[in-house]
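Examining the three-dimensional arrangement
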Amino acid sequence: MSLRQSLHMALKSLAGSKLRSLLTMLGIIIGVASVIILVSIMQGMSQQMLSEFTKMGTNRLEVSIFGLGESSRTVGVADLEGLYRGHRDVFGSMSPRVDVSAGVSVGTKVYPSTKLAGVSEQYQQVEKLEMGAGRFLGYMDVKERGKVCVVGPYLARTAFGGKAVGQAVKINGDAYTIVGVLAQRGNGSRGSEDDQILLPYSQARQLGGTVSSFVFATKDASQNREGRRILQEMLYGVYRSNDAFYIMDNQQIVNSVNKMNGTLTMVLVGVAAISLLVGGIGIMNIMLVSVTERTREIGIRKSLGAKERDVLNQFIIESAVTSTVGGLLGIAVGVAGTFAAGIIMKMAMAPALDAVAVSFGISVIIGVFFGFMPARKAAQMNPIDALKYD
Amino acid sequence: MKIHDVNTLIEFEKIDKIYQMGDSEVRAADGVSFKICKGEFVAIVGQSGSGKSTCMNIIGCLDVPTHGHYYLNGRDTATLDKNEQAEFRNKMLGFVFQQYNLLPKLSVQENVELPLLYARIPPAERARRAREALARVGLEGKCKNLPSQLSGGQQQRVSIARALAGDPSVILADEPTGALDSRTSREVLDFLKNLNAGGNTIVLITHDNGIAAEAQRIIRLQDGRVVYDGPAVDAARVQFAEGVVG
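Residues numbered from 1 in each chain as written. Chains lettered and ligands numbered in written order. Predicted model: local features only at pLDDT ≥ 70, side-chain atom pairs only at ≥ 80, totals over all residues. Heavy atoms only, no water.

By definition, the strands of a sheet pair up through backbone hydrogen bonds, in either a parallel or an antiparallel sense. Residues and elements named next belong to chain B. Read from one edge to the other, the open sheet built from six strands follows the order β6-β7-β8-β3-β9-β10, with strand pairing classed as mixed. Since the sheet does not close on itself, it has two edges, and those belong to β6 (93-96) and β10 (225-231), each with one partner. Direction aside, neighbouring strands of the sheet carry axes that sit 15° apart on average. The pairing of strand β3 (residues 41-45) with strand β9 (residues 217-222) spans four bridges and is parallel. Bridge pairing links Ala43 to Ile218 in β9. Packed on one face of the sheet, helix α5 (residues 152-165) meets β6 and β7 (170-174) and runs near 175° to β6. (Pairing = 2+ DSSP bridges. Helix = DSSP H or I, 4+ residues; strand = E, 2+ residues; numbered from the N terminus. Axes fitted to C-alpha atoms, helices over the stretch in contact; angles between N-to-C directions. Contact = heavy atoms within 4.5 Å.)

As structure tokens, then:
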């Protein structure tokens, strides 16, 4: 029997009993839809995480120093600058970072959400900051403890209407001249990474901040491991303890996110495979019932000259069509569900195309695989008994 | 190698068919021998349990004898594998059943196309031959209907059209009038007679002597044996003499 005729007949018999077909396909629909939704959500989340880290640059190391409480051993800016200069082959740039809490105001208006940080002139390179206007802090600003600063686009927009360069912002009552405005990186909103003021770290220390961390950029992300080793060795040499400091390696985080992503995907695929398997068993079950119900039809077909292969093909195609249609419905539900999840979680979510392709492929294979047993039962029926069956 | 008479289409040679029913054996056919030639209209008649259904199944390549040989068109059917049996059913035989045995979800034309489908005839040719066969039974206007939309007599004509569509050597009709009233039975029988007059070989299986009398020749079976094989006109007399009024 021709493939087209078989397909036509299979679709007709599916359409003939809609509720039953839907229930038969339900397992496959749920299986395929859940694979697509779960994988898409996971990929969306890890994509978002990765894009944040790659925006910062994967060649970035951040050293946080907690100290050892009562111990007098400390590491200062000069120590780490010395280290940096001694390893220019590994490190491209470095900057200390001093987090300050101080009152920010422009005119009479107070900006409590704005974060303040003291950095060096190399901070721009380490963090890959782009300027929207003006210039970044310079070597002399740091050396001379200049009362200058660079502001984020939020402050430039809301306090100065976009023309902030040359204006002054008050920090703890002292006026600081704005020499530059950073280009927008995030969503530009209040309290975001775009709502900050950077000033020379030397000046920031005057405001009561202590050097709490250092950021380093290696020449290339592949040197992160070496950079980490150098820092680790030096800091351990001072503190004799790994609890006094922490080195965050962006590349390492990206790697572990990727690895976690891979592992989670495997777990999801496993869960999905089980649900598709259950769906396949559902199809097999209904196909077995269908073969018994249609015993007489099989007898008639055989009496008219259908070979075992013809009957086998007919039932396998019917089963494959059932699972394929189920797979397509599952894709529709999965894609819709992915967008719905994106709206609910307020994330840009796109259906994972690989999950769509794989789950669809698997559902077709399942139809053929689980259709085989019932189809063989039909094909091997004795024509006389089948003709007599009521 | 058996010498084959070109005019002989069906030859039963000492056919036994033994069914195992639990511990006991049932001899449904017990040394049945006969020949049917091309162009004959033969009725195989007998009461239930006489072995006529067994003979019909064997003629139809739906079953194989326990002992003996069945030659269809000179070929010993014992040598056919399952696929060849299916091919023989497809090419050599056209079945007409008591219950019509049309597929309810297919249209009349699709039903008639089925044997052609299994003969792997291309769609256009299939449709043409199916319509031709339907025209021969006077149902060309009902191609798109479902079988359930037709009367019993019309459905039986569809099944005859289906049997004709594949242009088989033998039309094997199993109680074709069993489910019909006397008027439509008459129509169907006349139709079979017309087909025979047009050169088709017809084997009619029935329990009804009146129907069997429509054939040229009668093979009467009783308890798995042939008790009469001869012209239909003599059959009534023989039957009367033996006192086996069915």
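Considered as a void within the structure, the largest pocket measures approximately 740 Å³ in volume. Surrounding the largest pocket, 32 residues form its lining, Ile384 and Lys388 of chain A together with Ser53, Asn57 and Asp174 of chain B being those nearest its centre. Mapped onto the lining of the largest pocket, the elements with two or more residues apiece are α13 (383-388) of chain A together with β1 (8-21), β2 (24-37) and α1 (52-59) of chain B. For the lining of the largest pocket, the element with the most residues is α1 of chain B, which contributes five residues. The residue inventory of the lining of the largest pocket, partitioned by class, reads ten nonpolar, 13 polar and nine charged. (1 Å grid on protein atoms, 1.4 Å probe; cavity = no way out; pocket = protein on both sides within 12 Å on 5 of 7 lines; lining within 4 Å. Points joined across faces, edges and corners; volume = space filled by probe spheres on them. Nonpolar A, V, L, I, M, F, W, Y, C, P; charged D, E, K, R; others polar.)

Residue and element names in this part refer to chain A. By the element assignment, Arg228 lies in helix α8 (residues 224-239). The exposure class of Arg228 is partly exposed, given its relative accessible area of 21%. Along the chain, Arg228 and Lys128 lie 100 residues apart, while their C-alpha atoms are 20 Å from each other. Those residues within four positions of Arg228 in sequence are excluded, and the remaining contacts are Leu61, Ile247, Asp249 and Gln252. (Buried < 20%, exposed > 50% of the residue type's maximum accessible area, 1.4 Å probe, protein only.)

Another aspect to go through is the packing of aromatic side chains. Residue and element names in this part refer to chain B. According to the stated counting rule, one finds five aromatic pairs over all chains in the structure shown. Their ring planes at 15° and their centres at 4.5 Å tell us that Phe12 and Phe34 sit as a pair that is stacked. Taken together, the positions of Phe12 in strand β1 and Phe34 in strand β2 put the pair 22 residues apart, joining distant regions of the chain. Each member of the pair, Phe12 together with Phe34, is buried. These aromatic residues form a ring-pair network of at least three members: Phe12, Phe34 and Tyr70. (Phe/Tyr/Trp six-rings, centres within 6.5 Å; stacked < 30°, edge-to-face > 60°.)

The next point concerns the interface of chain B and chain A. In this assembly, 25 residues from chain B lie in contact with 22 residues from chain A. A buried area of about 2,200 Å², summed over both sides, lies between chain B and chain A, and 57% of it is on carbon and sulfur atoms. Sorting the residues of chain B by area buried against chain A places Leu62, Leu103 and Tyr118 of chain B first, and these three jointly supply 26% of that buried surface. In this structure, the connection of chain B to chain A is made through three salt bridges. Across the pair Glu87 of chain B and Lys307 of chain A runs a salt bridge whose closest N-O atoms are separated by 2.6 Å. Where the side of chain B that touches chain A is concerned, the elements lending two or more residues are α2 (82-92) and α3 (108-118) of chain B. When grouped by side-chain class, the residues that make up the side of chain B that touches chain A number eleven nonpolar, five polar and nine charged. (Buried area = accessible area lost by both parts, 1.4 Å probe. Salt bridge = Lys/Arg side-chain N within 4 Å of Asp/Glu carboxyl O.)

What follows covers the side chain of Gln122 of chain A. Assignment of secondary structure puts Gln122 of chain A in the loop between β5 (115-119) and α4 (123-127). Note on Gln122 of chain A: relative accessible area 16%, which makes it buried.

Turning to unusual backbone geometry, a few remarks are in order. The residue Lys128 of chain A is not glycine, and still its phi comes out positive at about 55°. Positive phi, close to 65°, is recorded for Tyr100 of chain B, a residue that is not glycine. You can see Tyr100 of chain B is positioned in the loop between β6 and α3. Of the residues examined, Tyr100 of chain B reaches a relative accessible area of 11% and is grouped as buried.

Another aspect to go through is the nonpolar core. Membership of the largest hydrophobic core comes to 63 residues, with the highest contact counts inside it found for Ile10, Phe12, Phe34, Ile59, Tyr70 and Val203 of chain B. Apart from residues no more than four positions distant in its own chain, Val203 of chain B is found in contact with Ile10, Ile36, Val42, Ile44, Ile59, Val170, Ile171, Leu172 and Ala173 of chain B. (Core = buried A, V, L, I, M, F, W, Y, C linked by side-chain atoms within 4.5 Å.)

So, about the sheet that holds strand β5 (residues 75-76) of chain B. Residue and element names in this part refer to chain B. With antiparallel pairing, the four strands of this open sheet are ordered in space as β2-β1-β4-β5. At either margin of the open sheet sits one strand with a lone partner, and together these are β2 and β5. Against the sheet, α1 contacts β1, β2 and β4 (67-72), and its axis sits at roughly 120° relative to β1.

Residue and element names in this part refer to chain A. Tracing the backbone shows Glu318 in helix α11 (residues 308-344). With relative accessibility at 7%, the residue Glu318 sits in the buried group. Reaching out from Glu318, the side chain makes a polar contact with the side chain of Arg294 at a distance of 2.7 Å. For Glu318, the contacting residues outside a window of four places in its chain are Ala10, Ser13, Met287, Ser290 and Arg294. (Polar contact = N/O pair within 3.5 Å; in protein donor to acceptor, adjacent residues only side chain to side chain.)

Further remarks concern the packing of α11 of chain A against helix α12 (residues 353-379) of chain A. All names here are of chain A. Relative orientation of the contacting elements α11 and α12 amounts to 150°, with a least axis distance of 7 Å. Classified by the interaxial angle, the pair formed by α11 and α12 is roughly antiparallel. Where α11 crosses over α12, the two elements pack in a sense that is right-handed. (Parallel < 35°, antiparallel > 145°, perpendicular 65-115°, else oblique. Left-handed = near helix turned anticlockwise from the far one by under 90°.)

These results come straight from atomic positions and should not be treated as a statement about function.
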